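One letter stands for each residue in the lines below.
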Amino acid sequence: MYNVTFDFSDFHRHGRAFYDFLALQKCFFVDELGWDIPHDGHVEMDQYDTPQARYSVVVLDGVVIGGARTMPTTAKWGKNGYMLGDAVAGLLPGIPRDILHEAPCSAQIWECTRLVMSHSVTNRDDRARCLALIVEGLARAAHHGGAERLISLSPLTLERALRQLGWDTVRIGEPYLNTGDGRRYAVLSMSATKPVVQTSVAA
């Protein structure tokens, strides 16, 4: 199990990883959760898959088993910005406009979206490892681009999972219920670098 990160300029270096990540997204968000988002029956790709996005993908035995994407909150591509910013502006009816009091717009704050993991990863330790690799890749790519903090609209359960992995994750804003998939979501925030755990040394 290993991680690769890429953007539009170099995804060709990783074979089918980008395409297979989009296919994994379609299986989860469209087939399982029933989201009404663009797809062609094989892959899912939306208005935020642009050259400003960076991707963190986990591969096991040549198969993509998880991944996510990240982009700066200053991103702009045509009429679209980044997902939470567009939601607060009222451009995404499925997400409440008051999910945040104010949408950040800073090169030091990056948004993470489309976190997905294959159901083929059934072992608890393997799932934790896969999540750790995805998030470490996102943080590394974002930090390289100048990020100091990451935000994401995520299921409430992810807050605890990330804290167990050592990230200083906090919830910002109030949670809401997505009536389409029945899951509760909230905006999470954390540092783009993992805090150093201080350990005491006996004298």
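**Some points on the confidence of the model for the protein**
The pLDDT averaged across the protein works out to 93; a share of 96% of its residues lies at or above 70. With pLDDT under 50 throughout, residues 198-203 is counted as low confidence; its partners more than four residues away or in other chains account for zero contacts.

**Here's the deal with helix α4 (residues 157-164)**
For α4, the full list of buried residues reads Leu158, Glu159 and Leu162. Looking straight down α4, one finds its buried side chains confined to an arc of 105 degrees; they lie on one side. In α4, the exposed residues that point more than 90 degrees away from the buried face are Thr157, Arg160 and Gln164. Looking at the packing, one finds that the buried side of α4 touches β4 (109-117), α3 (124-144), β5 (149-155), β6 (170-177) and β7 (184-191). Positioned one or two residues after α4, Gly166 has a phi angle of 100 degrees, which is positive.

**Points about the pairing of strand β3 (residues 63-72)**
With respect to burial, β3 is a largely interior element, nine of its 10 residues being buried. Strand direction decides the pairing type here: strand β2 (residues 54-60) and β3, joined by seven bridges, are antiparallel. Following the sheet pairing, Ser56 is matched in β3 by Ala68. Between β2 and β3, which follow one another and run antiparallel, lie two residues, and Asp61 among them has a positive phi close to 50 degrees. As defined by bridge partners, β3 adjoins β4 across six bridges and the pair is classed as antiparallel. Across the sheet, Pro72 pairs through a bridge with Trp110, a residue of β4.

About the criteria used
- Residues numbered from 1 in each chain as written.
- Predicted model: local features only at pLDDT ≥ 70, side-chain atom pairs only at ≥ 80, totals over all residues.
- Heavy atoms only, no water.
- pLDDT = per-residue confidence, 0-100.
- Contact = heavy atoms within 4.5 Å.
- Buried < 20%, exposed > 50% of the residue type's maximum accessible area, 1.4 Å probe, protein only.
- Helix = DSSP H or I, 4+ residues; strand = E, 2+ residues; numbered from the N terminus.
- Arc of directions from axis to C-beta.
- Pairing = 2+ DSSP bridges.

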